[in-house]
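Letter by letter, the chains look like this.
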Amino acid sequence: MDFDAYARTGVDLVNARLDDLDALRALFPDEHAWMRDEAAERDLTIFRRAQKRLRDVFEYGTSGRDAEAVNELNTLLAAYPVQPRISGHDSSDWHMHVTGRGASVSAEYLAGAVWGLSVWLCEYGSARFGVCADDRCRNVYLDTSSNCCRRFCSERCATRSHVAAHRARKRAAVSDQAAAPADASLTPVS
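The structure displayed is predicted, hence computed values, not measured ones.

Trainee: Hey, could you go over the packing of helix α4 (residues 41-62) against helix α5 (residues 66-79) for me, with residue numbers and the actual values?
Mentor: A pair of packed helices is captured by two measures, namely the crossing angle of their axes and the spacing between those axes. It is at 8 Å that the axes of α4 and α5 come closest, and there the two elements cross at 160 degrees. The angle between α4 and α5 places the two elements in the roughly antiparallel class. α5 is crossed by α4, and the crossing has left-handed handedness. Residues Arg 53, Leu 54, Val 57, Tyr 60 and Gly 61 of α4 pack against Glu 68, Ala 69, Glu 72, Leu 73, Thr 75 and Leu 76 of α5. Here the residues of the contact of α4 with α5 sort into 6 nonpolar, 2 polar and 3 charged.

Trainee: Any details on the nonpolar core? Residues and values, ideally.
Mentor: Core analysis: the biggest nonpolar cluster contains 38 residues, and Leu 13, Leu 24, Phe 28, Phe 47, Phe 58, Tyr 109 and Phe 129 have the highest contact counts within it. Broken down by element, this core gets its largest block of residues, 9 residues, from helix α6 (residues 105-124). Beyond its immediate stretch of four places on either side in the chain, Phe 28 contacts Met 35, Arg 36, Ala 39, Phe 47, Val 105 and Tyr 109.

Trainee: Go over the state of the cysteines, please, and point to the residues and values.
Mentor: Scanning the entire structure with this criterion turns up 0 disulfides. Here Cys 132 stays unpaired: no disulfide links it, and the sulfur of Cys 153, its closest cysteine neighbor, is 3.9 Å away. Of the residues examined, Cys 132 reaches a relative accessible area of 0% and is grouped as buried.

Trainee: Pulling in residues and values, what's your account of the environment of Arg 36?
Mentor: On the secondary structure map, Arg 36 appears in helix α3 (residues 33-38). Residue classification places Arg 36 among the partly exposed residues on the basis of a relative accessible area of 25%. Put simply, Arg 36 and Leu 21 are 15 residues apart on the chain and 9.4 Å apart in space, counted from C-alpha to C-alpha. With residues near it in sequence (within four places) discarded, Arg 36 still touches Arg 25, Phe 28, Pro 29 and Asp 30. Looking at Arg 36, its side chain comes within polar contact range of the side chain of Asp 30, at 3.3 Å.

Trainee: Tell me about a nonpolar patch on the surface, and please be specific about residues and values.
Mentor: Side chains of Ile 86, Trp 94 and Met 96 sit close together on the surface and give an oily, nonpolar patch of about 340 Å² of accessible area. Counting through the fold element by element, Ile 86 comes out in strand β1 (residues 85-87). Of the residues examined, Ile 86 reaches a relative accessible area of 60% and is grouped as exposed.

What counts, and where the lines are drawn
Residues numbered from 1 in each chain as written. Predicted model: local features only at pLDDT ≥ 70, side-chain atom pairs only at ≥ 80, totals over all residues. Heavy atoms only, no water. Axes fitted to C-alpha atoms, helices over the stretch in contact; angles between N-to-C directions. Helix = DSSP H or I, 4+ residues; strand = E, 2+ residues; numbered from the N terminus. Parallel < 35°, antiparallel > 145°, perpendicular 65-115°, else oblique. Left-handed = near helix turned anticlockwise from the far one by under 90°. Contact = heavy atoms within 4.5 Å. Nonpolar A, V, L, I, M, F, W, Y, C, P; charged D, E, K, R; others polar. Core = buried A, V, L, I, M, F, W, Y, C linked by side-chain atoms within 4.5 Å. Buried < 20%, exposed > 50% of the residue type's maximum accessible area, 1.4 Å probe, protein only. Disulfide = S-S within 2.5 Å. Polar contact = N/O pair within 3.5 Å; in protein donor to acceptor, adjacent residues only side chain to side chain. Patch = residues over 30% accessible without salt bridge, like charges linked within 9 Å, V, L, I, M, F, W, Y side chains within 5 Å. Areas by Shrake-Rupley, 256 points an atom, 1.4 Å probe, with all protein chains shown as cover. Salt bridge = Lys/Arg side-chain N within 4 Å of Asp/Glu carboxyl O.

What follows is the structure, given as C-alpha cells:
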C-alpha cells in the first residue's frame, strides 16, 4: 500500500478548486475514472466539507498545534473509516484498497486521503504538513525536504516570492537614496 500516494490525494483535495461538479471530477486521475463517472452533487458537498477540515489539519501542523491536528484526523478517520480489501484482475495484480466494494466516491477517496495523511503524521510528524508561504497561493504540501525547511508548495511559488521580495528591497533602497540628505562633503563650510 502506497501511503504517500494516499497522503498526496489529501493534498490534491485541499488544493483543488471545487466550484462545481466538473471541478470535482477533474480531481480524479485516470486510474480512478470510475470516480469521475459516479461523482454526484452529494459528493461535492461532502468533499467541500472535508476539504475545509483537511486544510485545518495542515494549518494546525504548520503552526505547531500537533494535538489539534491529531484530534481532527481522528475525527475524520471515524467519519471515513478504512475498510481494507484486496483487489485486482488476476493473481499478478493483487493490491490493497482502503474501502469496500460499493463505497461511494466520497467514502472511497476520503478514506484513503485521511488514512494517508494520518500515516504521514505518525511517520514524519505534523511539522511536515505545510502551507505555502506565498500569500497569493496558500496551497498545502507535504514537506519531503531532508531538514524540514520547505516553505513553498512549488518552485514556481518560491521563485515568485523571492523575486517579489528582491524587487521590494530594490524599491526600498531607491526610495531611501532619494530621501537621504545631500552628501555633507559637498556642503559649503562657513
